[in-house]
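Examination of the molecular architecture
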Amino acid sequence: MTTAQTQELDVQPTPLALLLLGREADPRSERGVECPGDLPSPSDPDLVARARAAKEKLGDKVFVLGHHYQRDEVIQFADVTGDSFKLARDAAARPEAEYIVFCGVHFMAESADILTSNDQKVVLPDLAAGCSMADMATAEQVAECWDALTEAGIAEQVVPVSYMNSSADIKAFTGKHGGTICTSSNAERALNWAFEQGEKVLFLPDQHLGRNTAVRDLGMSLEDCVVYNPHRPNGGLTAKELRDAKMILWRGHCSVHGRFSLDSVNDVRERIPGVNVLVHPECKHEVVAAADYVGSTEYIIKALEAAPAGSKWAIGTELNLVRRLANRFAAEDKEIVFLDKTVCFCSTMNRIDLPHLVWTLESLAEGTLVNRIEVDRETEAFAKLALERMLALP
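Residues numbered from 1 in each chain as written. Predicted model: local features only at pLDDT ≥ 70, side-chain atom pairs only at ≥ 80, totals over all residues. Heavy atoms only, no water.

1. Comments concerning the overall build of the protein
The secondary structure content of the protein amounts to 16 helices and 14 strands. In terms of overall size, the protein behaves like a compact globule, its C-alpha atoms giving a radius of gyration of 21 Å where 394 residues would be expected to give roughly 21 Å. Dimensions of the protein along its principal axes, counting C-alpha atoms only, are 60 × 55 × 50 Å. Buried positions account for 57% of the 394 residues belonging to the protein. The contacts in the protein between residues at least 6 apart in sequence include a share of 67% that link residues at least 24 apart. Of the roughly 17000 Å² of accessible surface on the protein, 48% is carried by carbon and sulfur atoms. Looking at charge distribution, the protein has the averaged site of its 40 positive side-chain charges lying 3 Å from that of its 59 negative ones. (Helix = DSSP H or I, 4+ residues; strand = E, 2+ residues; numbered from the N terminus. Rg over C-alpha atoms; globule rule 2.2 N^0.38 Å. Buried < 20%, exposed > 50% of the residue type's maximum accessible area, 1.4 Å probe, protein only. Contact = heavy atoms within 4.5 Å. Areas by Shrake-Rupley, 256 points an atom, 1.4 Å probe, with all protein chains shown as cover. Lys, Arg positive; Asp, Glu negative; His and termini not counted. Charge placed at Lys NZ, Arg CZ, Asp CG, Glu CD.)

Following this line, the structure appears as structure tokens:
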């Protein structure tokens with residue numbers, strides 16, 4: 001693609017582009033992709049037995065966390081399952097475990113390292129298991145944004161609120177500037193708290209969760225929100241636009257939830273009469289507005305658990321979870337389908353596969369520490385401050 005074409009499409013190279021292939025490391029990136037040692041073959045019929053044997057050998061020394069979006073072959077070895085923050089807290093509640101193996105993505109493992117003791121070692125089976133949303137906001141870009149807010153004369157009025165799906169650097173920035181972290185479950189409480197501290201909110205890095213919470217839950221208008229684009233000078237906004245806005249949304253999104261469209265909702269209602277549309281708040285605003293129910297991953301699971309037999313549901317979230325829920329509730333005559341016709345897994349989450357897990361567990365069982373995720377002390381201190389503010393939310 002030529003430079004002219006790139007500019008026309010408003011696509012700029014990011015310094016934290018995902019490194020999905022090869023055995024290299026980018027010194028400017030949060031992670032590299034080097035994987036010392038050879039992985040077992042994915043066709044090895046003994047993978048399950050090998051994983052089980054290594055886990056049994058490690059015993060209480062290892063605690064395996066499995067995010068809801070993991071594939072079934074991995075989730076079967078998880079000691080606990082949940083969303084990102086629940087798993088980080090579960091890790092902190094197991095101080096006797098020397099190794100925390102996080103079957104999730106990079107920012108989740110960072111959060112676990114922040115919340116666990118210094119004696120515990122957090123391991124990510126594949127260092128290239130990242131999050132495209134988290135990579136959409138770098139520390140350098142956010143610092144430039146804060147400079148723009150300062151130049152507009154409003155920085156002292158702005159409270160940063162960062163989604164859990166962000167790097168440790170962004171969490172630290174948030175803590176340093178008096179802000180808090182939120183999850184999709186407590187975003188409304190986090191924003192209410194933030195508006196008690198200041199007049200405006202800088203919401204990082206998912207624009208959709210910020211917009212949906214502000215408009216749907218807090219009663220703001222779409223006009224109260226502006227989108228800061230880190231690839232444009234001053235975020236593509238004038239000083240007046242920044243001063244007039246209540247919500248300054250970062251131009252980031254979830255690659256999975258961003259796929260769902262209003263057409264998806266209309267199509268499933270036509271195909272399945274009486275269907276309940278249940279979506280994650282990371283979806284676009286028009287999708288959330290057209291849905292019957294909106295909530296976090298944990299909310300989605302609980303809603304389906306409480307649903308009556310014979311009910312029909314179209315779910316707008318990651319496919320591994322939707323498929324698992326469909327199989328789980330099939331015996332109760334609950335029809336559960338994926339909202340979109342196009343199959344869509346979280347590609348980076350799916351990098352944690354059985355060969356990587358086997359290699360990790362066998363390496364640890366042999367006394368070799370691999371793929372440790374370690375946040376530096378200063379970053380950890382400010383990030384933990386932001387997380388503790390979230391835990392203290394009313």
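2. Quick word on the packing of aromatic side chains
In this structure the tally under the stated criterion is four aromatic pairs. Consider the rings of W146 and F173, whose centres lie 5.6 Å apart with planes at 80°: the pair is edge-to-face. Taken as a pair, W146 in helix α6 (residues 139–151) and F173 in helix α7 (residues 168–176) lie far apart in primary sequence, 27 residues in all. Residue F173 is classed as buried on the basis of its relative accessible area of 12%. Seen from the ring of F382, K176 lies directly overhead, with NZ or CZ sitting 4.9 Å from the centre. (Phe/Tyr/Trp six-rings, centres within 6.5 Å; stacked < 30°, edge-to-face > 60°. Lys NZ or Arg CZ within 6 Å of the ring centre and 35° of its normal.)

3. Observations regarding the pattern of salt bridges
A side chain of one charge can pair with a side chain of the opposite charge if their charged atoms are brought near each other. This model, assessed by the stated rule, comprises 18 salt bridges. The closest approach of N and O atoms between E362 and R50, which form a salt bridge, is 2.8 Å. Of this pair, E362 sits in helix α15 (residues 354–365) while R50 sits in helix α2 (residues 47–58), and the two are 312 residues apart along the sequence. Judged by relative accessible area, which is 27%, R50 ranks as partly exposed. Linking E305 and R328 is a salt bridge whose minimum nitrogen-to-oxygen distance equals 2.7 Å. Of the two residues, E305 sits in helix α13 (residues 297–306) while R328 sits in helix α14 (residues 319–329), which places them 23 residues apart along the sequence. Classification of E305 by relative accessible area gives partly exposed; the value is 38%. Taken together, the shared-partner salt bridges in this structure form one network comprising D44, R50 and E362. (Salt bridge = Lys/Arg side-chain N within 4 Å of Asp/Glu carboxyl O.)

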